[in-house]
Amino acid sequence: MKFYKKGLVFLLTTLFSAVFIFADYNKFGIPDSSEIRKEIQNEWFKQDLELIRLQNTQIRNNYSGQTFQISLEEKEDKFFVYVSPKSSMRIDVYDSTGVHTEVEDVYNINSFGTWMYARNKSDGSPDFIRIYVSKNSDVFIQFKSLKNTARIDFLVYGAYVVKSLPIGIPFEKLFSMSIQDIYNLTQKTIPWEYVDVNLDIYNNSKVMAQTIRSMLPKLAYEDDAMYDEIGSPISIRTGQPFVCDPKNKGKIVLSSCGFVKWVVDGLIEPMAGSYLKREPLVSPTVEYKDTGFQGALNSKFSTNFSLDWTRNLAAASLSVRAKKTYLYSETGVDVKVEPFAAIVTDKGVTNTVGYIKNTGYKPNHLKALLYSLSATEPGYFYLAAIRQTDRKNSEVKVFNDAAVIFPYLDENGYFKIVVFIDGQESKYSEFENQLKKTNDCFIHLVRVKASNVFYPQEKNLYAK
């Protein structure tokens, strides 16, 4: 009998441990502090600020062995309790022998898996709970209390994918809920695909971006320059032969739109055996009334040049890949998604404008949009047509410039945006700031399937 009792005790202990270990598990690999939070909630979450101040910063392990730090931070009108997982940081150490790198343990307050509880100093009332569910600290879920009932927000780079959605549980229950429990409760109501991403699917985008980057020294920018279907330099406006500046002889000479075609041609040529012709790419994709201001203006010169150009390029790429000719209007290449309920601005939370037909998006939530696209339609890159106000006439809006954008998550799950414009690589922050300089700037996106079979034209065989 003693043997069976010992065996039973061992079995129950094992099952008990397994339950707690499972509580720390979730399909996204997010460090989970639920069991730690359950143990500390009375001292750290439910006490007055004066008593929480008496608590020393603590280090605790969850049942699966992950280490967390519990800490307090105060600001002018709020205070915050953090339960932050341990991570490692490489730092450069300078001493008498020179510089060497050491690995240091850190507990960042916005790191992957951090759980944060914010309260108001005035009366101790709850403000919000936030959980960082991504390696990218600008992607998180948070909860607020309305009559003690929890409501969930899902934010991506300052944009609300979900805002104030009731989830039917008391707010305080979140103090000890695991990530998996939250997922089980909300899996049909919030877009967990923004977190549950297959990182291998971005390889083609990374290959293309690196290939373009390696070839940039061979390129030179000149207005109006492009290459035709046989690789001969021509004028993008007239289709006549183009003679480059002598200083650029031997280089691939491209205008803004010519560069975008050069990128797409690198996908087309391996499949079709030639590059794209100019004429189909300048076909209008927008119809105007002849009597209207925009129609009259467009009859004199194309105000939608880069819009038409990028749309027709994307349609051509789809046609070659599908081995069937599609007109732009048949393709669905335009990005028209409106994934956001609201956005955070300097003036507070406001409604988002979203997509405007034949115009695109305002750049103030472009990064959030690109993250959304990278998560929901991985494997694509984007051609961007940029609409700006004419410098001489503020009533005239023109699409002149174009860019190529690769949004993806790297091998560690961090969000990256690679931008090429005018034959150069641009830091995303600089690209976005340039767009925002003009209040009425818009950016229109079309999607193109990325491929690792990518061979852009390398030499200007016709340079004179």
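Preceding this paragraph is the structure being described.
A brief report on the enclosed structure follows. This one's a predicted model, so the numbers in the text were calculated from it and none came from an experiment. (Residues numbered from 1 in each chain as written. Predicted model: local features only at pLDDT ≥ 70, side-chain atom pairs only at ≥ 80, totals over all residues. Heavy atoms only, no water.)

## Quick notes on empty space enclosed by the protein
If you walk through the whole model with that rule in mind, you get three cavities of 30 Å³ or more. The computed volume of the largest cavity comes to approximately 50 Å³. Per element, the largest residue contribution to the lining of the largest cavity is four residues, and it comes from helix α6 (residues 256-272). When grouped by side-chain class, the residues that make up the lining of the largest cavity number four nonpolar, two polar and two charged. (1 Å grid on protein atoms, 1.4 Å probe; cavity = no way out; pocket = protein on both sides within 12 Å on 5 of 7 lines; lining within 4 Å. Points joined across faces, edges and corners; volume = space filled by probe spheres on them. Helix = DSSP H or I, 4+ residues; strand = E, 2+ residues; numbered from the N terminus. Nonpolar A, V, L, I, M, F, W, Y, C, P; charged D, E, K, R; others polar.)

## Regarding the nonpolar core
The biggest cluster of nonpolar side chains holds 120 residues, and the ones touching the most others in it are I141, F143, F154, F381, F406, F431 and L445. A118, F128, F140 and Y160 belong to the second-largest nonpolar core, a separate cluster that totals 10 residues. (Core = buried A, V, L, I, M, F, W, Y, C linked by side-chain atoms within 4.5 Å. Buried < 20%, exposed > 50% of the residue type's maximum accessible area, 1.4 Å probe, protein only.)

## A look at the layout of surface pockets
Quantified by volume, the largest pocket comes out at close to 850 Å³. Lining the largest pocket are 28 residues, with I386, Q388, V398, N400 and D401 sitting closest to its centre. Among the secondary structure elements, those contributing two or more residues to the lining of the largest pocket are α6, β17 (380-389), β18 (397-409) and α10 (428-436). At four residues, α10 tops the list of elements feeding residues into the lining of the largest pocket.

## As for the packing of helix α5 (residues 203-215) against α6
Two numbers describe a pair of packed helices, the interaxial angle and the distance between the axes. One way to put it is that α5 packs onto α6 with a least axis distance of 12 Å and a crossing angle of 125°. As summarised for this structure, α5 and α6 are arranged oblique, according to the angle between their axes. Crossing geometry of α5 relative to α6 is assigned as right-handed. In this structure, α5 uses M208, I212 and M215 to contact α6, whose residues at the interface are F259, W262, V263 and L267. Residue composition of the contact of α5 with α6, by class: seven nonpolar, no polar and no charged. (Axes fitted to C-alpha atoms, helices over the stretch in contact; angles between N-to-C directions. Parallel < 35°, antiparallel > 145°, perpendicular 65-115°, else oblique. Left-handed = near helix turned anticlockwise from the far one by under 90°. Contact = heavy atoms within 4.5 Å.)

## Focus: the side chain of R278
Positionally, R278 belongs in the loop between α6 and α7 (293-300). We note that R278 is buried and unpaired, the nearest opposite charge coming from E279 at a distance of 4.2 Å. In contact with R278, not counting residues within four places along its chain, are M226, I234, S235, I236, R237, T238, G239 and W309. (Lys, Arg positive; Asp, Glu negative; His and termini not counted. Salt bridge = Lys/Arg side-chain N within 4 Å of Asp/Glu carboxyl O.)

## As for the environment of Y408
Counting through the fold element by element, Y408 comes out in strand β18. Placed 29 residues apart in sequence, Y408 and G379 show a C-alpha to C-alpha distance of 8.5 Å. Once residues lying within four places of it in the same chain are set aside, the contact partners of Y408 are Y202, K206, S374, Y414, F415, K416 and V418.

## Observations concerning the pattern of salt bridges
Taken as a whole and judged by the stated rule, the model has 18 salt bridges. Here D196 ties to K27 by a salt bridge, and the two come within 3.5 Å at their closest N and O atoms. Taken together, the residues D196 in the loop between α4 (179-186) and α5 and K27 in the loop between α1 (2-23) and α2 (34-45) connect sequence positions 169 residues apart. One salt bridge in this structure joins D127 and K78, with 2.7 Å as the shortest N-O distance. With D127 in strand β7 (residues 126-131) and K78 in strand β3 (residues 78-85), this residue pair connects regions lying 49 residues apart in the sequence. Assessed through its relative accessible area of 15%, D127 is described here as buried. When salt bridges with common partners are traced through the structure, they connect R53, E74 and K121 into a single cluster.

## Side note on the environment of V162
Tracing the backbone shows V162 in strand β10 (residues 159-170). Judged by its relative accessible area of 11%, V162 falls in the buried class. Each C-alpha atom of the pair V162 and I152 lies 7.4 Å from the other, and the pair is 10 residues apart in sequence.

## Here we look at the sheet that holds strand β20 (residues 424-426)
The sheet built from five strands is open, its strands ordered β20-β19-β18-β17-β21 with antiparallel pairing. The open sheet has two free edges, formed respectively by β20 and β21 (442-449), since each of these has just one partner strand. Neighbour-to-neighbour, the strand axes of the sheet open up by a mean angle of 30°, direction not taken into account. The strands touched by α10 within the sheet are β17, β18, β19 (415-421), β20 and β21, with β19 carrying the most contacts at an inclination of about 65°. (Pairing = 2+ DSSP bridges.)

## Some thoughts on the pairing of β3
With seven of eight residues buried, β3 lies mostly within the body of the structure. Taken together, the seven bridges between strand β2 (residues 67-74) and β3 define a ladder with antiparallel strand orientation. Within β3, the position partnered with E74 by the bridge is F79. Connecting β2 to the next strand, β3, in antiparallel fashion are three residues. As paired elements, β3 and strand β6 (residues 115-120) share six bridges and run antiparallel to each other. By the bridge assignment, F80 is partnered in β6 with A118.

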